[in-house]
Amino acid sequence: MAGGGPAPPPKSEELQPHPVKDQLPGVSYCITSPPPWPEAILLGFQHYLVMLGTTVLIPTYLVPQMGGGNVEKAKVVQTLLFVTGLNTLTQSYFGTRLPAVIGASYTYVPTTLSIIFAGRYANIVDPQEKFARIMRGIQGSLIVASTLQIVLGFSGLWRNVARFLSPLAAVPLIALAGFGLYEKGFPGIANCVEIGLPQLILLIIFSQYIPHLIRGERHVFDRFAVIFSVTIVWIYAHLLTIGGAYKNRPTATQISCRTDRAGLIAAAHWISFPYPFQWGAPTFDAGEAFAMMAASFVTLVESTGSFYAVSRFASATPLPPAVLSRGIGWQGLGILFSGIFGTGSGSSVLVENAGLLALTRVGSRRVVMISAGFMIFFSILGKFGAVFASIPAPIVAALYCLFFAYVGSAGIGFLQFCNLNSFRTKFILGFSIFMGLSIPQYFNEYKLIHGYGPVNTGARWFNDMLNVAFTSAPFVAGLLAMVLDITLHKKDDATRKDRGMHWFDRFKSFKTDTRSEEFYSLPFHLNKFFPSI
C-alpha cells in the first residue's frame, strides 16, 4: 500500500537527554594514567611547541620598547622559558597537580607598558642602561604583586571565595577564558594569510578528518596534529622566504611572514643559565606595585577558570576549593620567580596548552612534566631553543583558533549541570557573557582612539588598576555572573538545582568525594603535613 502509516513513536530512552558527567568521557589518558614513554615524550614536546607562541610574542612586543635589541630579547625569552618550566613543575607537583602549563600572560602587558613609559626613564640615553633600569622596575612590581596570590592562596581565603562558585557562574568565567581571546586568533592569521590559513586548515584536517578516514587503534594524526601541521607549514614558509616571495613586500609583512626575521638564533648564546637578579637589584615604586597587583588579581580570576577547564580535559573531577586555593598560592610563587629572574611578565595558566589537552585527548600529568623539562633544557641551550622559537607568528595564531575554542567549549560544557529552562539562568548567563564581551570592547576601542583608557585620572597607577581589570573578558563576565548568582539567590532546593549546586556540593570539601584523593593529593605523603579541607 502506497504512502504507509504514521511513523512509530520514538522509544522512551531516545527522548532522554544526554546524561550528566562530572568527569569528561572519551579521554584516552587521564591525569593519573601516563601514556607509554615514547609517546609521552613526543606529546611533551608538542606542549613545548604550543607554549612558545606566548613566550616569544610578549618579549618581542615589549623588549624593543624597553630599549633592548635582539640580544636582550633572546635572553628574556630564555629566562621566560626557564621560569615557565620551573613554575609548571611546581604546579604539577605541589599546586593543583593538574597538567597545567604556567607561563607568561597578556594581562600583564598593559601594566608593564605603563612602567616602560614612566617619566623617570625618559631621559636615559643609553638603550642598554634604559632596558636594564626598566626591567628592574618591572621586577620590583612583580615581586610585590606576587604577595597577593600567595596570601589569598595559602591562607585559604580563595578557597572560601571558590565555594560560592556554582556551575552557572563558572560557565561565563571559563567560556570567556577561551572565547575572550578571539583577537589573538584570525587577526593574527590575516597578518600573513598564505601561511596562517594553510596551518589552520591542515591542523583541522589532521586532528578532525583524517582520524575518521583512517580508522585504527593507534591515534597518530589526531594526537600529533600540531607537530605534523607546524612542520609542513614551517617548511613551506621557509621555502617562500628563501625563494624571494617577500623580497619587495612591506616591512610589516616581512616580519610576519619570513622565517628569518625573529633575530633570536643569531642573538642567543649556545649555553646560558638564567639566574636570579641577572639584570641587577630590583627597584620599587608603590603606584606601579599596586597596578601590578591589580593585574595579578585579574590573572587569579582568569586562572581559576582555566584550572577548571584543565581539570575537565584531564578527565578529573571538578577542583575542590582547597586544591584550587593551593594552586593559586603556588601560582603566586611563580609570579615571585618571574620577578626574581626578570621575565618581564607575570604568570598564569596558559589557555592554549589547556586546549591542546582537548585536541590530543591526553590529560596526563606526566606529559606536562616532560614538557617542563623541554622548557628548562632549551632555555639553557639557547641556540637550539631559538630555532623552535622562530616559528612565524601566523602559525601560532592558527593554533590559537583551535585551542582557545576548545577552552571556551569547556565552559559551555558546565551548562549540563544547570537548568536551561529557568529564566533566572537565562538572564545571568546571557547578561554576563554579553557584558563580558561588550565592556572590554569599549575599553579597548577607547584606548585605541584616545591613546589612554576610559579611566584617566591624575594617578597613573589607579588608571592602570581599573583599565586592566575591565579589559579582561573572563574577569568581567565571571565577576558579574558570580555577583548576580549570589544576590539573586533564593534559599530553596529548586534554585540550588537550577544553579547546579547540587552537583558541586560533593566537591566543596576535599574528603567528600573519594576521587579527590586520587587526582589531587600531594606526593611523598605530604597531605599528612599539609592537609586539604
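Analysis parameters
Residues numbered from 1 in each chain as written. Predicted model: local features only at pLDDT ≥ 70, side-chain atom pairs only at ≥ 80, totals over all residues. Heavy atoms only, no water. Patch = residues over 30% accessible without salt bridge, like charges linked within 9 Å, V, L, I, M, F, W, Y side chains within 5 Å. Areas by Shrake-Rupley, 256 points an atom, 1.4 Å probe, with all protein chains shown as cover. Salt bridge = Lys/Arg side-chain N within 4 Å of Asp/Glu carboxyl O. Helix = DSSP H or I, 4+ residues; strand = E, 2+ residues; numbered from the N terminus. Buried < 20%, exposed > 50% of the residue type's maximum accessible area, 1.4 Å probe, protein only. Disulfide = S-S within 2.5 Å. Contact = heavy atoms within 4.5 Å. Core = buried A, V, L, I, M, F, W, Y, C linked by side-chain atoms within 4.5 Å. Expected span 1.5 Å × (residues − 1). 1 Å grid on protein atoms, 1.4 Å probe; cavity = no way out; pocket = protein on both sides within 12 Å on 5 of 7 lines; lining within 4 Å. Points joined across faces, edges and corners; volume = space filled by probe spheres on them. Axes fitted to C-alpha atoms, helices over the stretch in contact; angles between N-to-C directions. Parallel < 35°, antiparallel > 145°, perpendicular 65-115°, else oblique. Left-handed = near helix turned anticlockwise from the far one by under 90°. Phe/Tyr/Trp six-rings, centres within 6.5 Å; stacked < 30°, edge-to-face > 60°. Lys NZ or Arg CZ within 6 Å of the ring centre and 35° of its normal.

(A) A nonpolar patch on the surface, seen in detail. Together, Phe186, Val193, Leu197, Ile201, Ile205, Tyr209, Leu213, Ile214, Val220 and Phe221 line one region of the surface with nonpolar side chains, adding up to about 910 Å² of accessible area. With 6 residues, helix α8 (residues 193-213) is the largest single contributor of residues to the nonpolar patch. Structurally, Phe186 is set in helix α7 (residues 186-190). What makes Phe186 partly exposed here is its relative accessible area of 44%.

(B) A look at the state of the cysteines. Tallying each qualifying case throughout the model produces 1 disulfide. Two residues share a disulfide in this structure: Cys192 and Cys257, whose sulfurs sit 2.0 Å from each other. Given an S-S torsion of about 125°, the disulfide between Cys192 and Cys257 has right-handed geometry. Of this pair, Cys192 sits in the loop between α7 and α8 while Cys257 sits in helix α10 (residues 251-257), and the two are 65 residues apart along the sequence. The residues Cys192 and Cys257 share a single accessibility class, namely buried.

(C) Up close: the pattern of salt bridges. Evaluation of the coordinates by the stated rule reveals 11 salt bridges. Here Arg460 ties to Glu288 by a salt bridge, and the two come within 3.3 Å at their closest N and O atoms. Taken together, the residues span a long stretch of sequence, with Arg460 in helix α19 (residues 460-469) and Glu288 in helix α12 (residues 286-313) at a distance of 172 residues. What makes Glu288 buried here is its relative accessible area of 3%.

(D) Structural context of the environment of Tyr246. The residue Tyr246 is located in the loop between α9 (225-242) and α10 in this model. Taking the relative accessible area as the measure of exposure, Tyr246 reaches 1% and is therefore buried. A sequence separation of 12 residues divides Tyr246 from Arg258, and the C-alpha atoms of the two residues are 7.3 Å apart. With residues up to four places along the chain from it excluded, the contact list for Tyr246 reads Cys192, Glu194, Ile195, Leu240, Thr241, Thr253, Gln254, Cys257 and Arg258.

(E) Representation of the nonpolar core within the structure. In this structure, Tyr48, Val226 and Phe307 are the most contacted members of the largest nonpolar core, which totals 128 residues. A total of 13 residues in this core trace back to one element, the largest contributor, which is helix α1 (residues 37-66). Counting 6 residues, the second largest nonpolar core, distinct from the first, contains Phe82, Val83, Phe341 and Ile380.

(F) How the structure looks around helix α20 (residues 473-487). A rise of 1.5 Å per residue sets the reference length of α20, with its 15 residues, at 21 Å; its end C-alpha atoms lie 21 Å apart and thus fit the reference within 8%. Within α20, burial applies to Ala473, Pro474, Phe475, Val476, Ala477, Gly478, Ala481, Met482, Leu484 and Asp485. Where α20 is buried, its residues contact α5 (157-162), α6 (167-179), α12, α18 (423-450), α19 and α21 (493-499).

(G) The arrangement of the layout of surface pockets in detail. The computed volume of the second largest pocket comes to approximately 620 Å³. Lining the second largest pocket are 27 residues, and of these Ser207, His219, Asp222, Leu359 and Arg361 sit closest to its centre. When contributions to the lining of the second largest pocket are tallied by element, the ones reaching two or more residues are α8, α14 (351-360) and α17 (393-413). Per-element tally for the lining of the second largest pocket: the top contributor is α8, with 5 residues.

(H) Region of the structure containing the packing of helix α3 (residues 109-116) against α12. As a packed pair, α3 and α12 sit with axes 9 Å apart at the nearest point and diverge in direction by 165°. By the angle class used here, α3 and α12 are roughly antiparallel. α12 is crossed by α3, and the crossing has left-handed handedness. In this structure, α3 contributes Thr111, Thr112 and Ile115 to the contact, and α12 contributes Glu288, Ala291, Met292 and Ala295.

(I) Up close: the packing of aromatic side chains. Here the structure, examined in full by the defined rule, presents 35 aromatic pairs. The ring of Tyr106 has Lys184 lying over it, and the distance from NZ or CZ to the ring centre is 4.1 Å. Over the ring of Trp270 we find Lys383; its NZ or CZ atom is 5.8 Å from the centre of that ring.

(J) Examining unusual backbone geometry more closely. Of note, the phi angle at Ser315 is positive, near 60°, even though the residue is not glycine. When you line up the elements, Ser315 lands in the loop between α12 and α13 (321-341).

(K) Looking closely at the side chain of Ser272. Considering the arrangement of structural elements, one finds Ser272 in the loop between α11 (264-267) and α12. Given a relative accessible area of 15%, Ser272 falls into the buried group. Discounting chain neighbours no more than four positions away, the residues touching Ser272 are Gln78, Ser379 and Ile380.

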